[in-house]
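Here is what each chain is made of, one letter per residue.
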Amino acid sequence: MTQTFKIKKGEISFETDKVKISDNSRKQNRIQLFSSAMWTIYGAISVLRYLKTGDQFLLWTGLFIGVAHFIIFVLNIFRSNQTEISFDDIKSINVKQKFSNVFLDIKLKNNRLRRVIGIENPQELEEYIKSNIKI
């Protein structure tokens, strides 16, 4: 039996032995990796400019921007973009909410995270997961 839930730009289908996700996470991940890499380079250039000019503002803003975006870059490397995930590969699955954003976090056994953003009916999805999925 297949159960399908809508998200903003796609859908999640729970089949008997796997989860199928159709969204644009690959594109979003590439954009975020590229953006974080560019901001990390900008931060490094600001620190190098500090070495030339001695302006404290360049040092601290460059360090803050560079380190923060490097952390974001590393965290994005540990995200998964799989479209089909077997239930054997799933460690845990949770519906979470931060502020007004509702998302589904699927933690995989290889310590990667597959995040599905934009759940339209989170209560129904959470009830389905609690009642039908045993991990």
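Coordinates for the structure precede this section.
Just so you know, these numbers come straight off a predicted model, no measurement behind them.

*Asks:* Can you break down the sheet that holds strand β2 (residues 10–14) residue by residue, with the values?
*Replies:* Spatially, β1-β2-β3-β4 is the arrangement adopted by the 4 strands of the open sheet, whose pairing is antiparallel. Every interior strand has two partners, whereas the edge strands, β1 (3–7) and β4 (84–86), have only one. Shown here is a sheet whose adjacent strand axes are inclined to one another by a mean of 15°, direction ignored. Against the sheet, helix α3 (residues 122–132) contacts β1 and β2, and its axis sits at roughly 150° relative to β1.

*Asks:* How would you explain the pairing of strand β6 (residues 101–108) if you had to name every residue and give the values?
*Replies:* Among the 8 residues in β6, 6 count as buried, and that is most of the element. With antiparallel pairing between neighbouring strands as the criterion, strand β5 (residues 90–98) and β6 make up a hairpin whose turn holds 2 residues, including F99 at a positive phi of roughly 55°. Strand direction decides the pairing type here: β6 and strand β7 (residues 113–117), joined by 5 bridges, are antiparallel. When the bridges of β7 are listed, D105 appears paired with R115. Between the end of β6 and the start of β7, which pair antiparallel, lie 4 residues, with N111 showing a positive phi angle near 65°.

*Asks:* Describe the pattern of salt bridges, with residues and values.
*Replies:* Counted according to the given criterion, the structure contains 7 salt bridges. Residue K130 pairs with E126 through a salt bridge whose shortest N-O separation is 3.9 Å. Taken together, the residues span about one helical turn, with K130 and E126 both in helix α3 at a distance of 4 residues. Exposure remark for E126: the relative accessible area of 31% places this residue in the partly exposed category. Members of the salt-bridge network, linked through shared partners, are K18, K20 and E84.

*Asks:* Could you give an account of the packing of aromatic side chains, with specific residues and numbers?
*Replies:* Going through the model one piece at a time under the given rule, you end up with 4 aromatic pairs. Through successive ring pairs, a cluster of aromatic residues spans F5, F14 and Y128.

*Asks:* Hey, could you go over the pairing of β5 for me, with residue numbers and the actual values?
*Replies:* Where β5 meets β6, 8 bridges bridge the pair, whose relative direction is antiparallel. Looking across to β6, one finds that I93 is bridged to I106.

*Asks:* Describe the nonpolar core, and please don't skip the residues or the numbers.
*Replies:* Counting 21 residues, the largest nonpolar core has I12, F14 and L104 as the members making the most contacts within it. Taken together, the elements giving at least two residues each to this core come down to β1, β2, β3 (18–22), β5, β6 and α3. With 4 residues, the top contributor of residues to this core is β6. Those residues within four positions of F14 in sequence are excluded, and the remaining contacts are M1, T2, Q3, F5, V19, F87, I93, L125, Y128, I129 and I133.

Thresholds, definitions, all that
Numbering of residues begins from 1 in every chain and follows the order in which that chain's sequence is written. Only residues with pLDDT of at least 70 are given local features in this predicted model, and only at 80 or more are side-chain atom pairs given and counted; all residues enter the totals for whole chains, interfaces and linings. No hydrogens and no water enter the side-chain calculation; it runs on all heavy atoms of the structure. A strand pair is defined by DSSP finding two or more bridges across the two strands. Under the scheme used here, helices are H or I runs from DSSP no shorter than 4 residues and strands are E runs no shorter than 2 residues, and both carry numbers assigned from the N terminus. Only the contacting stretch of a helix is used when fitting its axis, a line to C-alpha atoms as for every element, and angles between N-to-C directions run 0 to 180 degrees. Note on contacts: a residue pair qualifies if any of its non-hydrogen atoms lie within 4.5 Å across the two residues. Only protein chains enter the accessibility calculation, which uses a 1.4 Å probe; a residue whose area is less than 20% of its type maximum is buried, one above 50% is exposed, and one in between is partly exposed. When a carboxyl oxygen of Asp or Glu is within 4 Å of a side-chain nitrogen of Lys or Arg, the pair counts as a salt bridge. For Phe, Tyr and Trp, rings pair up if their centres lie within 6.5 Å, where Trp contributes its six-membered ring, and each pair is then called stacked (planes under 30 degrees apart), edge-to-face (over 60) or tilted (otherwise). The set of buried Ala, Val, Leu, Ile, Met, Phe, Trp, Tyr and Cys residues whose side-chain atoms join them within 4.5 Å is what this entry labels a nonpolar core.

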